[in-house]
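Coordinate analysis (summary)
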Amino acid sequence: MTKMIKVLKGTKDILPQEAEKWHRLEKNALEIFSKYGYKEIRTPILEATELFARGVGDTTDIVNKEMYTFEKSDRSITLRPENTAGVVRSFIENGMARLSAPVKLWYKGPMFRYERPQAGRQRQFHQVGVEMFGIKEPTADAEVILLAVDYLKSLGLNDLEVEINSLGCPNCREEYKKRIKEVLKPEFNHLCEDCQNRYEKNPLRLLDCKVDSCKEIFAKPEIQKVIQSDFICEECAKHYSDLKSYLTKLNVPYVENKLLVRGLDYYNRTVFEIKSNNLGSQNAVCGGGRYDSLVKNLGGEDTPAVGWAMGMERLNSLLPDVEPEKLDAYIVCNSPSDAFELAQELRVKGIKVEFDLANKKFTKQLEKASKVAKYALILGEDEIKSNKVSIKNLETSEQVSVDRNDVINNIG
RNA sequence: GCGUCUGUCGUCAAGUGGUUAAGACCUCGGAUUGUGGUUCCGAUAUGCAUGGGUUCGAAUCCCAUCAGACGCCCCA
């Protein structure tokens, strides 16, 4: 036997039995997002590598070690690891800054990251996300979070927790980083290897380290004092507290998490995540925040923006399984040409109907009908002669004989 | 990149050194050539992830490789 070719590590087939759940995710996205005025945008899966290096940030793990990058005709090309950079690229390239603000866009589609797969993490996965451009006020942050919660509710997901934080602006954040590094300097040699790396790369990240020895260090009063201090500047603080009061007014429950830091470089001020307790250790279904300098950094007009992305596989695993939908009818007939004819008559009218293409025995056909359909439409020699169809309700076993043109009125 | 655990039919599995590798579901066929879902009968792994080794004898023990699950890092 020739060697089996299997799906690549970290990739998965989405099988027919899961299709209905995916349709639900997609249908609700379209419905809910359009209620808030969002339009769908579809950007290419392939983009110039440089877009992500400049957009996502070349100190991030995503760009440094997780991208699928290859050379083609002297160009470096990358499979998108996320879609904010692509949407921003399109926003700039298509002159959307000239449109009346806000510009509200949503997307869905596959993303690619070369990581070790585990629960809730694949190398090819799907995200659905929104981006809003042109509004610097905290109303935009609030609406975008409200939209996320609304969408999750539409899927029946209620027991999720919204976590928020403010990273401040580049100015006040630098100040905060400096203070963290100062207070941790004497402890540097006692930090774990990961934390020592984070010390230079992203000091904000090392505060929620899970290693016990690090936890002990961070628990020290003088260090806690720095962590808990309100470092953000007045303007940022106002933005943050306005956001919080909007959320309260809108009945969006949230918890503040000072340790919430997103791993992408472009965020400023608001960051948030939505988490579930019913997932593994990868428990965030939604992550997002404000990125006021990204559009400018990628060569566009200075345009404030907020957005988020959700992992569709993670959402999907929280959704209850659904029974596969049955056919409306299955035609039981020994004459394929007559069965074809009846099937097409009904399909034109919107009925879901199949018949046995292999022309098996009557009892086999009926058996199949009972498995896959609500009604069996029996079209035998007698029925064909008299232009009738016998309709059998496969749940109640009731059977009636009706005129062929009347079938549609009897299988509702 | 690191760590832990796991690989027996399409699926779920029993078997943990001794003749032909249980069972269940699914699928297919028959009982049943115009009446299904219940029932009964039958079919379906010369092979236990792959390759070596130990042994009189290996699905079972050892080694390597591969694959998967979970966790770290990071993220959706």
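Keep in mind that this is a model prediction, so the values were computed, not measured.

1. Remarks on unusual backbone geometry
With an omega dihedral of 0°, the bond running from Ala-101 to Pro-102 counts as a cis peptide bond. On the secondary structure map, Pro-102 appears in the loop between helix H4 (84-93) and strand S5 (103-112). Located in the positive-phi region is Asn-387, a residue other than glycine, with phi close to 60°. Its location among the elements puts Asn-387 in the loop between helix H15 (381-386) and strand S15 (388-393).

2. Digging into the protein's contact with RNA strand B
Taken together, 50 residues surround RNA strand B, and among them Arg-113, Arg-121, Arg-262, Gly-263 and Ser-397 come closest. Contact distances for RNA strand B include 3.4 Å between a base nitrogen and a side-chain N or O atom of Gln-118. In this structure, a base oxygen belonging to RNA strand B sits 2.9 Å away from a side-chain N or O atom of Gln-399. Looking at the surface near RNA strand B residue by residue, the classes come out as 11 nonpolar, 14 polar and 25 charged.

3. Comments concerning the pairing of strand S7 (residues 161-166)
Most of S7 is tucked away, with five of its six residues classed as buried. Pairing geometry for S7 and strand S9 (residues 268-275), over six bridges, is antiparallel. From the neighbouring strand, Ser-166 faces S9, where its bridge partner is Thr-270. The sheet contact formed by S7 and strand S8 (residues 254-256) spans three bridges and is parallel. Note on S8: the bridge partner recorded for Ile-164 is Glu-256.

4. Section: the side chain of Glu-383
You can see Glu-383 is positioned in helix H15. Nearest to the buried, unbridged Glu-383 among oppositely charged side chains is Lys-385, at 9.5 Å. For Glu-383, the contacting residues outside a window of four places in its chain are Ile-378, Lys-388, Val-389 and Ser-390.

5. Focus on the side chain of Glu-187
Structurally, Glu-187 is set in the loop between helix H6 (170-184) and helix H7 (193-201). Judged by relative accessible area, which is 12%, Glu-187 ranks as buried. Those residues in contact with Glu-187, other than ones at most four positions away along the chain, are Ile-217, Lys-220 and Ile-223.

6. Let's talk about the environment of Leu-298
With respect to the helices and strands, the residue Leu-298 is situated in the loop between helix H11 (294-297) and strand S11 (305-311). With relative accessibility at 15%, the residue Leu-298 sits in the buried group. Put simply, Leu-298 and Val-88 are 210 residues apart on the chain and 7.9 Å apart in space, counted from C-alpha to C-alpha.

7. Description of the sheet that holds strand S16 (residues 399-403)
Strand order in the open sheet formed by five strands is S13-S12-S14-S15-S16, with mixed pairing between adjacent strands. Looking at which strands have only one partner, the edges of the open sheet turn out to be strand S13 (353-355) and S16. Each strand axis lies, on average, 30° off the axis of its neighbour in the sheet, ignoring direction. Running at roughly 180° to strand S12 (residues 327-332), helix H14 (residues 362-372) makes contact with S12 and strand S14 (373-378) of the sheet.

Calculation criteria
- Here, residues in each chain are numbered from 1, in the same order as that chain's written sequence.
- Whichever chain is written first is A, and whichever ligand is written first is 1; the rest continue in order.
- Under the rules for a predicted model, residues below a pLDDT of 70 receive no local features and side-chain atom pairs below 80 are neither given nor counted, while totals for whole chains, interfaces and linings still include all residues.
- Calculated side-chain values reflect all of the structure's heavy atoms, with hydrogen atoms and water omitted.
- The helix and strand labels rest on DSSP assignments: H or I over at least four residues marks a helix, E over at least two residues marks a strand, and numbering proceeds from the N terminus.
- Whether a residue is near a molecule or strand depends on its heavy atoms: it is near if one of them lies within 4 Å of it.
- N or O atoms within 3.5 Å of each other form a polar contact, as long as, within protein, one can give a hydrogen and the other can take it, and as long as residues adjacent in sequence are counted only when both atoms are side-chain atoms.
- Nonpolar residues are Ala, Val, Leu, Ile, Met, Phe, Trp, Tyr, Cys and Pro. Charged residues are Asp, Glu, Lys and Arg, and all others, Gly as well, are polar.
- For every residue, the accessible area obtained with a 1.4 Å probe (protein chains only) is divided by the maximum for its type, and the residue is called buried under 20%, exposed over 50%, and partly exposed between those limits.
- A strand pair is defined by DSSP finding two or more bridges across the two strands.
- The charge count treats Lys and Arg as positive and Asp and Glu as negative. His and the chain ends do not count.
- Basic side-chain nitrogens of Lys or Arg form a salt bridge, by our definition, when they fall within 4 Å of a carboxyl oxygen of Asp or Glu.
- Contacts were defined at the residue level, with two residues in contact if any of their heavy atoms lie within 4.5 Å.
- The convention used is that axes are lines fitted to C-alpha atoms, helices contributing only their stretch in contact, and that angles between N-to-C directions extend from 0 to 180 degrees.

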